[in-house]
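# Working through the structure, step by step
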Amino acid sequence: GAVVSQHPSWVICKSGTSVKIECRSLDFQATTMFWYRQFPKQSLMLMATSNEGSKATYEQGVEKDKFLINHASLTLSTLTVTSAHPEDSSFYICSARDRKNTEAFFGQGTRLTVV
Amino acid sequence: GEDVEQSLFLSVREGDSSVINCTYTDSSSTYLYWYKQEPGAGLQLLTYIFSNMDMKQDQRLTVLLNKKDKHLSLRIADTQTGDSAIYFCAERRSGGYNKLIFGAGTRLAVHP
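Residues numbered from 1 in each chain as written. Chains lettered and ligands numbered in written order. Predicted model: local features only at pLDDT ≥ 70, side-chain atom pairs only at ≥ 80, totals over all residues. Heavy atoms only, no water.

### Section: the packing of aromatic side chains
One pass over the full model with this rule turns up 13 aromatic pairs over all chains. Plain terms: the ring middles of Tyr-33 of chain B and Tyr-48 of chain B are 5.7 Å apart, the flat faces sit at 40° to each other, and that makes the pair tilted. You can see Tyr-33 of chain B sitting in strand E4 (residues 31–37) and its partner Tyr-48 of chain B sitting in strand E5 (residues 43–50), a full 15 residues away along the chain. Of the aromatic side chains, those joined through ring pairs into one cluster are Tyr-36 and Phe-106 of chain A together with Tyr-31, Tyr-33, Tyr-35, Tyr-48, Phe-50, Phe-88 and Phe-102 of chain B. (Phe/Tyr/Trp six-rings, centres within 6.5 Å; stacked < 30°, edge-to-face > 60°. Helix = DSSP H or I, 4+ residues; strand = E, 2+ residues; numbered from the N terminus.)

Written out as structure tokens, the structure reads:
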């Protein structure tokens, strides 16, 4: 299957700082990318959907000014957690869908810990 | 409701078959998926089924779909210890960006 690379795998940051997470599709063009958040032992919660060159569509209850999503190219989307707080600590996972629009491939996830 | 529902835990003996069940909500969902997640890792797509199919088999995996009852199941034959993981079902909602909605995940534990 296609490869989606997420970086970093884990990050620890101080409260009040911003953290950027990258999601890259390595061998296909990702017209649509999704960002999820997963709490321990819970399901994936969709945060937002982005199409290349367009503004992201956020799910209800997700603060778009706090979770900035940029989908600047067909192979890269970034999620920036601004002014991070301990309650933002979570596992963030991206997925990417190609033009065929059949499957969504997932990155390996980023564990964010805010101290 | 809005939720995709799964039982949370399943324990099976090595060599037996495992059956993980899921109910979804949107009758117009086009695809239904099964993903596997190992600790600290992302999701691995195991298989998917198109909504006009009743069954799909792929080696040890069999997916059954009852569209009338919106019920999906995943059967793993000859379950091995390496199959221990969390299994998520997901429905692909029609419209908009065809987003995936996930169930809470079923933790499969395989014991000798």
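Moving on, there is more to tell.
### Thoughts on the state of the cysteines
Residues and elements named next belong to chain A. Counting across every chain of the model gives two disulfides over all chains. With a sulfur-sulfur separation of 2.0 Å, Cys-23 is cross-linked through a disulfide to Cys-94. The disulfide joining Cys-23 to Cys-94 has a torsion of about 80° about its S-S bond and is therefore right-handed. Highlighted residues: Cys-23 in strand E3 (residues 19–25) and Cys-94 in strand E9 (residues 90–98), separated in sequence by 71 residues. (Disulfide = S-S within 2.5 Å.)

### Observations regarding the nonpolar core
Counting residues in each nonpolar core, the largest one holds 25 residues, and the members touching the most others are Val-4, Trp-35, Phe-67, Leu-79, Tyr-92 and Leu-112 of chain A. Breaking this core down by element, the ones donating at least two residues are strand E2 (10–13), E3, strand E4 (30–38), strand E5 (44–51), strand E7 (67–73), strand E8 (76–81), E9 and strand E11 (110–114) of chain A. Of all hydrophobic cores here, the second largest spans 21 residues; its members include Tyr-24, Trp-34, Leu-46 and Leu-72 of chain B. (Core = buried A, V, L, I, M, F, W, Y, C linked by side-chain atoms within 4.5 Å. Buried < 20%, exposed > 50% of the residue type's maximum accessible area, 1.4 Å probe, protein only.)

### Quick word on the sheet that holds E7 of chain A
Residues and elements named next belong to chain A. Taken in spatial order, the four strands line up as E1-E3-E8-E7 in an open sheet, and their pairing is antiparallel. Of all the strands in the sheet, the pair left with one neighbour each is strand E1 (4–7) and E7. In this sheet, neighbouring strand axes are inclined to one another by 15° on average, regardless of whether the strands run parallel or antiparallel. When E1 meets E3, the two strands line up antiparallel, connected through four bridges. Counted as the bridge partner of His-7 is Glu-22 from E3. (Pairing = 2+ DSSP bridges. Axes fitted to C-alpha atoms, helices over the stretch in contact; angles between N-to-C directions.)

### Re a nonpolar patch on the surface
Residues Trp-10, Ile-12 and Val-115 of chain A make up a contiguous nonpolar surface patch of roughly 380 Å² in combined accessible area. Relative to the assigned elements, Ile-12 of chain A resides in strand E2. (Patch = residues over 30% accessible without salt bridge, like charges linked within 9 Å, V, L, I, M, F, W, Y side chains within 5 Å. Areas by Shrake-Rupley, 256 points an atom, 1.4 Å probe, with all protein chains shown as cover. Salt bridge = Lys/Arg side-chain N within 4 Å of Asp/Glu carboxyl O.)

### Some details on the interface of chain A and chain B
Each partner contributes to the interface: chain A provides 23 residues, whereas chain B provides 20 residues. Summing both partners gives a buried area of about 1,800 Å² for chain A against chain B, and 52% of it is carried by carbon and sulfur. Our enumeration of links across chain A and chain B arrives at one salt bridge. When the shortest N-O distance is used, the salt bridge between Glu-59 of chain A and Lys-99 of chain B registers 2.9 Å. In this structure, the connection of chain A to chain B is made through five residue pairs in polar contact (both at pLDDT 80 or more). Looking at the side of chain A that touches chain B residue by residue, the classes come out as eight nonpolar, 11 polar and four charged. (Contact = heavy atoms within 4.5 Å. Buried area = accessible area lost by both parts, 1.4 Å probe. Polar contact = N/O pair within 3.5 Å; in protein donor to acceptor, adjacent residues only side chain to side chain. Nonpolar A, V, L, I, M, F, W, Y, C, P; charged D, E, K, R; others polar.)

### A look at the environment of Arg-97 of chain A
Mapping Arg-97 of chain A onto the fold places it in strand E9. Take Arg-97 of chain A: its relative accessible area is 1%, and that puts it in the buried class. For the pair Arg-97 of chain A and Ser-83 of chain A, spaced 14 residues apart in the sequence, the C-alpha separation amounts to 29 Å. When near neighbours in sequence (up to four residues on either side) are disregarded, Arg-97 of chain A contacts Phe-28, Gln-29, Ala-30, Thr-31, Thr-32, Phe-34 and Glu-103 of chain A together with Arg-92, Tyr-97, Asn-98 and Leu-100 of chain B.

### Describing unusual backbone geometry
Residues and elements named next belong to chain A. Cis geometry is found at the peptide bond from His-7 to Pro-8, where omega equals 0°. Along the chain, the position of Pro-8 falls in the loop between E1 and E2. Unlike most non-glycine residues, Ser-83 shows phi in positive territory, near 45°. With respect to the helices and strands, Ser-83 occurs in the loop between E8 and E9.

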